[in-house]
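# A look at the structure
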Amino acid sequence: MSLDTLTPAVEKTEFRNAMSRLGAAVNIITTEGPAGRAGFTASAVCSVTDSPPTLLVCLNRSASVYPVFRENMQLCVNTLAAGHETLSNLFGGKTPMADRFIAAEWSTAVTGSPVLSGAVASFDCRITQIVSVGTHDTLFCEVVGLVRNDDTHGLAWFDRGYHPLLRQDAC
Ligand SMILES: NC(=O)c1ccc[n+]([C@@H]2O[C@H](COP(=O)([O-])OP(=O)(O)OC[C@H]3O[C@@H](n4cnc5c(N)ncnc54)[C@H](O)[C@@H]3O)[C@@H](O)[C@H]2O)c1
Ligand SMILES: Cc1cc2c(cc1C)N(C[C@H](O)[C@H](O)[C@H](O)COP(=O)(O)O)c1[nH]c(=O)[nH]c(=O)c1N2
């Protein structure tokens, strides 16, 4: 029997229920380039190495934005602040792309990707490697530029809801 036909030891819903207990930062991943402009909400983002500064983003290949990211090969990870909950829902749903971007203020990164005003941090990246696992592509992204905001509180996705992350020295 091939590995593909084996029944997984853990059922998908059980896996998601357990994963809902792993709190994570919420990010809007944007891109602009030859394939156009696109953005989506992602919690599956993490640091890989600081030499060279690299993070990873997991993107479902069935998402409408997938071909745009795949062709542009550049993106910006905008880590959301408390207060960005509505914007996060817009980029995480079935909303038309123009309606997603009109809801916030953006500037342009070195790669051309949109940088969200008021994000806790924005990581401007070039995609250096892509590894497909199951339904998702893991995008390895080398950071070529940074914007940091020291004045806002953070935002976490935990137990299927948003939670502000309060910083003592922020307003
Ligand atoms: N990694 C992802 O693709 C991912 C992560 C979070 C949320 N979402 C999407 O956002 C919506 C709301 O999610 P929710 O957290 O309220 O409930 P949910 O039950 O769909 O997900 C619970 C947790 O499971 C994980 N997860 C969800 N979908 C996944 C997927 N397709 N592949 C790998 N891990 C996945 C995430 O950690 C998520 O927080 C759903 O449509 C979900 O698919 C996707
Ligand atoms: C809080 C939260 C977190 C995530 C998501 C949603 C939400 C609400 N989504 C889903 C993703 O944002 C959604 O599929 C895209 O907006 C693409 O949708 P369309 O196919 O364009 O409608 C998502 N998708 C993905 O591929 N990787 C991820 O890490 C996440 N994380």
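Residues numbered from 1 in each chain as written. Chains lettered and ligands numbered in written order. Predicted model: local features only at pLDDT ≥ 70, side-chain atom pairs only at ≥ 80, totals over all residues. Heavy atoms only, no water.

In the annotation of an unreviewed UniProt entry, the protein chain is listed under the name FMN reductase (NADH) RutF and assigned to Enterobacter agglomerans. UniProt, in its Catalytic activity (unreviewed entry) section for the protein chain, records the words "FMNH2 + NAD(+) = FMN + NADH + 2 H(+)". (UniProt positions renumbered as here; feature names shortened; annotations may be inferred.)

Turning our eyes to something else, we now look at the site of ligand 1. Around ligand 1, the neighbouring residues are R16, M19, S20, S43, A44, H136, W157 and R160. In this structure, an oxygen atom belonging to ligand 1 sits 3.0 Å away from a side-chain N or O atom of W157. Computed on the free molecule, ligand 1 has an accessible area of 650 Å², of which 60% lies beneath the protein chains in the complex. Taken together, the residues of the shell around ligand 1 break down into 3 nonpolar, 3 polar and 2 charged. (Near = heavy atom within 4 Å. Polar contact = N/O pair within 3.5 Å; in protein donor to acceptor, adjacent residues only side chain to side chain. Areas by Shrake-Rupley, 256 points an atom, 1.4 Å probe, with all protein chains shown as cover. Nonpolar A, V, L, I, M, F, W, Y, C, P; charged D, E, K, R; others polar.)

Evaluated as defined, the whole model comprises 5 aromatic pairs. Centre to centre, the rings of F40 and F69 are 5.3 Å apart; their planes meet at 90°, and the pair counts as edge-to-face. Remark: F69 occurs in helix α2 (residues 66-72) and F40 occurs in strand β3 (residues 36-42); sequence separation between them is 29 residues. A residue is classified by how much of its surface remains accessible, and F40, at 9% relative accessible area, is buried. Put simply, the rings of F91, F101 and W106 pair up and form one aromatic cluster. Over the face of the ring belonging to F101 we find R37, whose NZ or CZ atom lies 4.2 Å from the ring centre. (Phe/Tyr/Trp six-rings, centres within 6.5 Å; stacked < 30°, edge-to-face > 60°. Helix = DSSP H or I, 4+ residues; strand = E, 2+ residues; numbered from the N terminus. Buried < 20%, exposed > 50% of the residue type's maximum accessible area, 1.4 Å probe, protein only. Lys NZ or Arg CZ within 6 Å of the ring centre and 35° of its normal.)

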